[in-house]
2 protein chains.
Amino acid sequence: MRIPKHIGVIPDGNRRWAVNNGMTKEMGYDKGLDPGLELFRLCKDAGVKEITYYGFTTDNTKRPKMQVMAFTKACVDAVNMLSKEDAQLLVVGNSESPMFPKELLPYTERRKFGSGQIKVNFLVNYGWHWDLNNVNNEKVSSKGELHNYLKSSDVSRIDLVIRWGGRRRLSGFLPVQTVYSDFYVVDDYWPDFKPDHFYDALKWYGKQDITLGG
Amino acid sequence: MRIPKHIGVIPDGNRRWAVNNGMTKEMGYDKGLDPGLELFRLCKDAGVKEITYYGFTTDNTKRPKMQVMAFTKACVDAVNMLSKEDAQLLVVGNSESPMFPKELLPYTERRKFGSGQIKVNFLVNYGWHWDLNNVNNEKVSSKGELHNYLKSSDVSRIDLVIRWGGRRRLSGFLPVQTVYSDFYVVDDYWPDFKPDHFYDALKWYGKQDITLGG
């Protein structure tokens, strides 16, 4: 079966899951940590070469302060957990902003942990506009060069985006890397992650005809 | 019911439809003309303010010559048909390339036809890379300004993308304008268009919770 080289993960639905389970909204983010680790291990075992997690965005920081604190903490915890795995880890986002957690500054250059066999990118205080607005205005002659000017230049093209939480949109997730991505949506909320979600996504991806417009 | 202000249309599946109906691949594009007009009229009647059709891309021009000629002709015909409707019509694409049909050069500035009550954008020889590589490298301070530097700057943000032909990907369709778009996929091929596809997409859209990341 054809395995995607690079999977993008949009782990949505944490607040709705919390409310459904009788908690306040901000209590859902913490329940997304184990799913994130489980998915990482499944990807590694399946031979996926790169995973990019959509942590939080500059847009998300408009949310109520309790939620901002909660998802920021969850992202810091997630990165720390991943740094104990076999990963080449990179945090991508606007680290010059006060919304960027200082604990993650050491991860803004890619570092190898363990055997480092899989690349992991974690988007923290990411913004699609921040990512794109650095593209050089001299005529960039090839698609490869435009990619080099992105703030997210060390994140390669994504083959498959898997979004939990049922919404069918990219929400600003790496507009350049996702131009040709196949997009699989899981209706369940992220904290209700199951390995079958991943396997179903892979099965579906294996049946897609990848044409890149040709 | 909440109506999307701007709908993006990806009319895919023409070649598969042709083969399914015992024709050669390039014969499907011509069968996409009436659907395009019918959809235009449904959008206008529903109060949609802007429609953007994904005609053909620079990637598509790598296809066999018979197909390139056929889809190019279909796009020229489609634009001519739309110019007889009440539309403010604009063709967006790399018009400096030999792949751009000269017949459409007069449409590369927006013109009003009839009562011009709805904006229609038609992408011809469009490329996401061509669109983005002009973004100024001086720090663009607001999202609005980055939009102004796009080659597609006169195409506004898209609320709902409807893609026919079953594929779940954007295929390079206006990466900036689609960052927050809800994405509805119709499994039927474009030449098998039915008004119900449109009504179902609107009903679905009306149930989505538009958060723009907040």
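Residues numbered from 1 in each chain as written. Chains lettered and ligands numbered in written order. Predicted model: local features only at pLDDT ≥ 70, side-chain atom pairs only at ≥ 80, totals over all residues. Heavy atoms only, no water.

The name given to chain A in an unreviewed UniProt entry is Undecaprenyl diphosphate synthase, with Alkalithermobacter thermoalcaliphilus JW-YL-7 = DSM 7308 as the source organism. Per its UniProt entry, chain A bears the Sequence similarities (unreviewed entry) comment "Belongs to the UPP synthase family. Z-FPP synthase subfamily." (UniProt positions renumbered as here; feature names shortened; annotations may be inferred.)

## What to know about the packing of helix H2 (residues 33-46) of chain B against helix H3 (residues 65-82) of chain B
All names here are of chain B. Where H2 meets H3, the closest approach of the two axes is 10 Å, and the angle between their N-to-C directions is 35°. The way H2 lies across H3 gives a crossing that is right-handed. For the pair H2 and H3, contact is made by Leu-33, Asp-34, Leu-37 and Phe-40 and by Ala-74, Asp-77, Ala-78, Met-81 and Leu-82, respectively. (Axes fitted to C-alpha atoms, helices over the stretch in contact; angles between N-to-C directions. Helix = DSSP H or I, 4+ residues; strand = E, 2+ residues; numbered from the N terminus. Left-handed = near helix turned anticlockwise from the far one by under 90°. Contact = heavy atoms within 4.5 Å.)

## Points about the side chain of Gln208(B)
Within the element layout of this structure, Gln208(B) appears in the segment after helix H6 (195-206). When its relative accessible area of 11% is taken as the criterion, Gln208(B) is described as buried. Sequence-distant contacts of Gln208(B), that is, excluding residues within four places in its chain, are made with Arg167(A), Arg169(A), Arg2(B) and Asp182(B). (Buried < 20%, exposed > 50% of the residue type's maximum accessible area, 1.4 Å probe, protein only.)

## Topic: the sheet that holds strand S4 (residues 111-113) of chain B
Residues and elements named next belong to chain B. Within the open sheet, the seven strands sit side by side as S4-S3-S5-S2-S1-S6-S7. Their pairing is mixed. The open sheet has two edge strands with one neighbour each: S4 and strand S7 (182-186). Taking the axes of each pair of neighbouring strands and ignoring which way they run, one obtains an average angle of 20° across the sheet. Direction of pairing for strand S1 (residues 6-11) relative to strand S2 (residues 50-57): parallel, over a ladder of four bridges. Bridged to Ile-7 within S2 is Ile-51. Where H2 meets the sheet, it contacts S1, S2, strand S3 (87-92), strand S5 (118-126) and strand S6 (160-164), and its direction lies at approximately 160° from that of S2. Across the sheet, H6 lies against S1, S6 and S7, angled at about 150° from S7, the strand it touches most. (Pairing = 2+ DSSP bridges.)

## Details of the sheet that holds strand S2 (residues 50-57) of chain A
Residues and elements named next belong to chain A. Taken together, the seven strands give an open sheet; going across it, the order is S4-S3-S5-S2-S1-S6-S7, and neighbouring strands pair in mixed fashion. A single partner strand is all that each edge strand has here, and the edge strands are strand S4 (111-113) and strand S7 (182-186). Recorded for the sheet is a direction-independent mean angle of 20° between the axes of neighbouring strands. With respect to the sheet, helix H3 (residues 65-82) is in contact with S2, strand S3 (87-92) and strand S5 (118-126), its orientation differing from that of S5 by roughly 160°.

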